[in-house]
Amino acid sequence: MTGTEIARDRKAAVSVRSLSKTFGQGEYAITALDSVELDILENEFFTLLGPSGCGKTTLLRLIAGFELPTNGSISLQDQDITDKPPHRRPINTVFQNYALFPHMTVAENIGFGLRMLGRPTAEIKQTTERMLALVQLEAMAGRRTDQLSGGQQQRVALARALAPAPKVLLLDEPLAALDLKLRKSMQIELKSLQAETGITFVFVTHDQEEALTMSDRIAVMKSGKILQIGTPRDIYDRPTHRFVADFIGDINILEGTVEHTDGDLATVRLKDGTRVSAHLGTASARSGDVSVAIRPENVRLASTGETPTLTGILENIVYFGAATNLHLRLGTGEEMVIRNPGAVDEGRYQPGATIGAILQPELIRVLE
Amino acid sequence: MSGREPQSALAAAIEQNKRTERVTRAWLLAPALTIILAISILPLGITVVYSFLTPGTYGGVTWEFSTDSYVQFLFQRDIFDDTLVFNSAYVSIFLRSIGLALGATLGALILGFPTAYFIATKPREQRNIWLFLITLPFWTNLLIRTYAMLLIIRDEGIINIMLMKAGIISSPLTILYTDTAVFIGLIYSFLPFMVLPIYASLEKLDFSLVEAGYDLYANRLKVLFHVIVPLAKPGIVAGCILVFIPGLGAYITPELLGGGKKLMIGNMIAMQFGASRNWPFGSAAALILMALVILVLLLNALAARRGASNNG
Amino acid sequence: MADPTTAMPASAQPRQRRRLVRDLKAMPGFTATAWLCIVTLYLPILVLIAFSFNENRSVVLWTGFSLDWYAKALENDGIRNAAWVSVKIALFATVISTIAATMAALATTRTKKFAGQGLVYGIINQPLMIPEIVTAIATLSLFALVKKVTGLTGIGYLMLAHAAFCIPFAYMPIRARLETMTLTLEQAAADLYAPPLKVFTLVTLPLLGPGIVAGAMLAFVVSLDDVIITLMIAGPGETTLPIYILGAIRRGITPEINAVSTILVAVSVLLVMLLFLVQRRMQR
């Protein structure tokens with residue numbers, strides 16, 4: 001099942017159409033977003049992933065309403081909200097540095113949204129208590145926010161944004177300020193919170209591992225454009241762009257020429273003459289020079305007697321517990337990494353040895 | 001068609017936001033700008049006009065055009081044959097003021113630089129205390145501080161008493177109502193203005209450079225003049241300007257410590273609006289003082305720009 | 001207990017090394033100069049304060065402690081009137097200048113950069129850049145003209161003049177505070193359904209509070225201490241405390257002046273120390 005198939009089954013929570021944002025004017029103008037098209041579905045954990053400066057935070061700020069786009073439209077459940085100010089959008093944000101109000105207690109922070117919506121006091125009290133329980137901070141209700149630890153502040157920010165029961169929750173790198181261990185446990189907590197509340201989460205991060213673990217779908221962005229949208233498996237196993245392939249996990253990229261195509265499959269001749277068949281996917285290149293990609297874990301060592309797909313000279317062995325990376329220099333001059341689960345026989349695999357590698361044909365992709 | 005309509009709505013919203021922001025800003029700025037324009041800047045225009053009028057008999061002005069105020073600054077009109085004779089009285093007051101202000105600037109620099117350096121090399125907590133001690137006098141009444149200075153430097157002040165008791169002098173030193181008194185008073189009044197900007201530039205200084213300097217120069221004085229002073233130059237220049245300008249326009253210090261006899265520009269201007277009652281001349285003198293100040297600031301801006309382009 | 005012979009060098013060594021590093025930074029005579037500065041800045045004031053408590057009429061010889069001069073000063077109608085005029089003017093100038101400065105600071109930090117921003121800074125800081133005597137005679141000229149045309153007299157002129165030169169002092173800490181306050185908090189409030197006015201009253205204003213207090217205190221101190229502008233503009237019956245003190249000094253030195261001066265210095269110092277504490281809290 002691909003990302004587009006899911007999109008057909010479910011309703012869109014947020015629809016973004018040809019959205020552009022330019023900062024500054026004239027020769028100093030910077031295009032932060034360039035004609036972005038995007039549908040975020042109801043009850044989805046959606047992640048915007050990309051390096052800093054790719055436009056992911058700008059996109060989030062436009063959805064939140066902190067800035068007006070230069071062009072295009074944003075709708076929320078089929079209602080155009082493009083030019084609505086932030087306080088008129090049923091969307092809440094968890095800010096990168098939490099942005100908790102320092103002059104209010106934890107409970108006052110959490111109740112702020114409901115108070116602004118003019119909800120009755122009893123309801124505010126009840127919801128605040130429910131939220132405190134949800135993030136396990138009942139004991140902290142009366143505390144000032146600067147008396148809390150980073151992880152606790154994070155939870156207050158989350159509870160504050162969830163309290164008004166928004167249609168969409170935006171999270172701007174909310175875990176970036178936490179240490180690794182806390183980040184891991186918050187990842188799981190966030191994911192289960194999303195499942196529990198059923199609210200659409202739009203999560204911004206530059207951490208590919210975080211994106212893969214938490215998301216239902218991911219949009220990979222670069223230079224103000226979305227390169228690929230798909231499930232974590234789509235993005236990881238079937239990258240369509242060299243940038244996506246490179247940005248997420250490790251990958252081997254080999255240059256070659258398309259000889260002929262048969263449906264989704266292309267026969268590609270590598271530089272040393274070896275022929276491999278690769279999946280085309282959505283790649284537009286049906287002939288000529290292309291790049292093909294394969295993950296290190298999808299390459300295995302040829303056992304004795306087996307005919308290897310490619311051979312190379314072993315240059316380096318890097319062992320890291322669960323797996324061993326073997327760095328080969330291929331006949332084409334390109335480098336290839338093989339990830340072998342567990343350790344390898346060090347007597348047999350010595351730097352300088354000639355090694356055979358087998359590429360799993362169904363996992364080779366042609367890139368844009 | 002449906003694609004165009006929301007776009008024009010968006011454009012309208014962007015335009016509306018900009019307009020709201022402009023209007024809000026204008027209203028927010030209005031009170032401060034109105035007050036300062038009306039009560040501080042408009043009067044400068046009036047001063048320019050007054051400087052070209054004829055003095056009224058009992059103060060104020062008579063609305064008759066005249067350049068006498070500027071002529072009077074340099075010349076005296078001979079009462080018998082109406083010729084102009086050069087008169088050095090006012091020019092010398094200006095020169096005296098410039099001299100005193102320059103002297104005080106130099107004095108403040110000699111005292112202020114080591115102090116700023118000393119503070120900058122202290123641990124952070126101690127620095128704050130020192131800075132507070134240096135700043136505090138600035139926020140106490142300048143008149144009272146000057147009066148306090150008068151108390152200790154006069155003939156029967158504690159400085160003279162202590163010196164006499166110690167047997168260093170037999171009769172009191174006359175300091176009060178001399179140029180020395182004004183000089184001391186100016187340093188005392190504006191010393192914090194010298195210390196703070198120098199401190200601000202030294203605070204950013206990486207003292208490992210100083211240590212590196214010892215490798216290369218090996219001598220304290222050389223390190224001071226080749227490494228530290230060049231790096232602290234912006235602060236030194238700012239400090240000198242901040243001492244020189246108020247020193248030049250000082251009123252209270254020469255009034256109290258100079259005994260009203262040793263005039264500076266500030267007192268001379270004030271006198272024209274009081275006992276001497278020559279408002280146009282006072283206005284002209286004030287404008288010449290302002291021109292001097294602007295000249296100093298312009299020279300500084302020019303030097304700063306040249307420095308910047310040399311570096312770039 | 002550790003063996004003293006081995007413990008000694010271990011504890012002495014790092015201390016020695018530290019002193020060596022500090023020595024490298026220290027310059028000969030600089031410490032003495034710094035102390036000389038402090039003595040120069042404080043000795044005169046301390047002598048003045050000390051003699052305000054002298055029992056003797058002499059301001060030269062110390063004979064014993066007494067609060068008589070304070071009692072005399074407080075009974076003096078001239079001083080009491082002057083103090084009341086000073087406070088009235090300072091309060092008016094503080095309120096007006098703080099409101100104007102707060103609004104201007106919001107305009108220069110909470111809206112997008114605009115053409116003419118440099119000019120606005122220039123105008124707001126103008127009273128700081130021109131010698132006070134020039135501002136004083138210029139304001140006198142304007143007020144003389146206005147008085148002649150309208151026939152209006154009164155303390156209002158002084159109040160307005162004070163408000164004008166207090167604005168840059170009030171503006172400085174308020175703008176500094178706004179610049180360190182991230183816009184994110186205000187955005188968070190808007191995100192949580194607070195309309196612009198509520199964002200301002202519930203988030204911006206409470207957080208700006210310390211800055212406004214600091215600005216108001218500076219304005220008050222600056223107004224209270226002003227001599228030159230007040231001296232030139234003040235009409236009969238508009239004598240402020242500093243002007244009264246100046247007149248008294250011209251007539252001759254008395255311990256009574258020392259007492260009033262000490263009170264005025266104490267008020268300024270207390271306000272500035274309070275300000276220092278407020279700003280330290282702000283930094284947290």
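Thresholds, definitions, all that
- Residues numbered from 1 in each chain as written.
- Chains lettered and ligands numbered in written order.
- Predicted model: local features only at pLDDT ≥ 70, side-chain atom pairs only at ≥ 80, totals over all residues.
- Heavy atoms only, no water.
- Contact = heavy atoms within 4.5 Å.
- Buried area = accessible area lost by both parts, 1.4 Å probe.
- Salt bridge = Lys/Arg side-chain N within 4 Å of Asp/Glu carboxyl O.
- Pairing = 2+ DSSP bridges.
- Helix = DSSP H or I, 4+ residues; strand = E, 2+ residues; numbered from the N terminus.
- Axes fitted to C-alpha atoms, helices over the stretch in contact; angles between N-to-C directions.
- Phe/Tyr/Trp six-rings, centres within 6.5 Å; stacked < 30°, edge-to-face > 60°.
- Buried < 20%, exposed > 50% of the residue type's maximum accessible area, 1.4 Å probe, protein only.
- Domains from an automatic or database assignment.
- Expected span 1.5 Å × (residues − 1).
- Polar contact = N/O pair within 3.5 Å; in protein donor to acceptor, adjacent residues only side chain to side chain.
- Core = buried A, V, L, I, M, F, W, Y, C linked by side-chain atoms within 4.5 Å.

**Concerning the interface of chain B and chain C**
Every contact between the two is made by 81 residues of chain B and, on the other side, 88 residues of chain C. Buried surface at the junction of chain B and chain C, both sides included, amounts to about 7600 Å², of which 81% is carbon and sulfur. Summed over the shared surface of chain B and chain C, the result is one salt bridge. A salt bridge links Glu255 of chain B to Arg250 of chain C; the shortest N-O distance between them is 2.4 Å.

**Quick word on the sheet that holds strand 18 (residues 335-341) of chain A**
Residues and elements named next belong to chain A. The strand order 15-19-16-17-18 describes an open sheet built from five strands, whose pairing is antiparallel. Only two strands of the sheet have a single partner each, and these edge strands are strand 15 (299-301) and strand 18. This sheet shows a mean twist of 45° between the axes of neighbouring strands, independent of strand direction. Alignment of strand 16 (residues 310-319) against strand 17 (residues 323-330), held across seven bridges, turns out to be antiparallel. Counterpart to Val318 in the pairing with strand 17 is Asn325.

**Looking at the packing of aromatic side chains**
Tallying each qualifying case throughout the model produces 25 aromatic pairs over all chains. Judged by centre distance (5.7 Å) and plane angle (25°), the rings of Phe66 of chain A and Phe95 of chain A are stacked. Remark: Phe95 of chain A occurs in the loop between strand 6 (91-94) and helix 3 (106-116) and Phe66 of chain A occurs in the loop between helix 2 (56-64) and strand 4 (71-76); sequence separation between them is 29 residues. Phe95 of chain A matches Phe66 of chain A in its accessibility class, with the two residues each being buried. On the numbers, 4.6 Å between centres and 70° between planes, the contact of Phe138 of chain B with Trp139 of chain B is edge-to-face.

**A few points about the side chain of Thr200 of chain A**
Residues and elements named next belong to chain A. For Thr200, the position within the fold is in strand 8 (residues 200-205). Since its relative accessible area comes to 0%, Thr200 is described here as buried. For Thr200, the residues in contact, after removing those within four places along its chain, are Ala13, Ile40, Leu41, Glu42, Asn43, Glu44, Lys167, Val168 and Leu169.

**Points about unusual backbone geometry**
In this model, Asn43 of chain A sits at a positive phi of 60°, which is unusual for a non-glycine residue. On the secondary structure map, Asn43 of chain A appears in the loop between strand 2 (30-41) and strand 3 (45-49). Residue classification places Asn43 of chain A among the partly exposed positions, given a relative accessible area of 44%. A positive phi angle is found at Tyr193 of chain C, which is not glycine, with a value near 75°. Within the secondary structure layout, Tyr193 of chain C lies in the loop between helix 8 (183-191) and helix 9 (196-225).

**Here we look at the pattern of salt bridges**
Residues and elements named next belong to chain A. For the coordinates displayed, the defined rule picks out 26 salt bridges over all chains. Residues Arg17 and Glu37 are paired through a salt bridge, measuring 3.5 Å at the closest nitrogen-oxygen approach. Of the two residues, Arg17 is situated in strand 1 (residues 12-23) and Glu37 in strand 2; the sequence distance between them amounts to 20 residues. Judged by relative accessible area, which is 33%, Arg17 ranks as partly exposed. By relative accessible area, Glu37 is classed as partly exposed at 43%. One salt bridge connects Lys225 with Asp34, and the closest N-O pair in it is separated by 3.5 Å. Linking Lys225 in strand 10 (residues 225-230) with Asp34 in strand 2, this pair joins segments that are 191 residues apart in sequence. Residue class for Lys225 comes out partly exposed when judged on its relative accessible area of 43%.

**A word on the domain arrangement of chain A**
Structurally, chain A comprises domain 1 (3-237) and domain 2 (250-367). Of note, the centres of domain 1 of chain A and domain 2 of chain A, computed from C-alpha atoms alone, are 39 Å apart.

**Overview of the interface of chain C and chain A**
Facing 17 residues of chain C, the contacting portion of chain A comprises 24 residues. For the pair chain C and chain A, the two sides together bury roughly 1800 Å², of which 71% comes from carbon and sulfur. By the criterion of area lost to chain A, the three top residues of chain C are Asp191, Leu192 and Tyr193 of chain C, representing 44% of everything that side buries. Our count for the chain C to chain A interface comes out at zero salt bridges.

**Concerning the sheet that holds strand 5 (residues 79-80) of chain A**
Residue and element names in this part refer to chain A. With antiparallel pairing, the four strands of this open sheet are ordered in space as 2-1-4-5. If you trace the sheet from one side to the other, it starts and ends with strand 2 and strand 5, each paired once. Inspection of the sheet shows strand 1 paired to strand 4 by five bridges, in the antiparallel sense. By the bridge assignment for strand 4, Val16 is matched with Ile74.

**A few points about helix 5 (residues 142-153) of chain B**
Residues and elements named next belong to chain B. Across its 12 residues, helix 5 extends 16 Å between first and last C-alpha, which sits within 8% of the 16 Å expected from 1.5 Å per residue. For helix 5, the buried fraction is high: 11 of the 12 residues fall into the buried class. Burial in helix 5 covers these residues: Leu143, Ile144, Arg145, Thr146, Tyr147, Ala148, Met149, Leu150, Leu151, Ile152 and Ile153. Sitting at the amino-terminal end of helix 5 is Asn141, which places a side-chain oxygen 2.8 Å from the backbone nitrogen of Leu143.

**Examining the pairing of strand 3 of chain A**
Residues and elements named next belong to chain A. Across the five residues that make up strand 3, a large majority, five, are buried. Of the pairings in the sheet, the one linking strand 3 to strand 8 comprises five bridges and is parallel in character. Paired with Phe45 across the strands is Phe201, a residue of strand 8. Two strands pair when backbone bridges link them, and strand 3 and strand 9 (residues 217-222) are joined in this way by four bridges, in the parallel orientation. Bridging across to strand 9, Phe46 finds its partner in Arg217.

**Let's talk about the nonpolar core**
In this structure, Leu202 and Ile228 of chain B are the most contacted members of the largest nonpolar core, which totals 218 residues. With residues near it in sequence (within four places) discarded, Ile228 of chain B still touches Phe113, Tyr117, Leu202, Leu205, Val210 and Val223 of chain B together with Met27 of chain C. One finds Tyr98, Ile124, Leu162 and Leu169 of chain A within the second-largest nonpolar core, a separate group that totals 32 residues.

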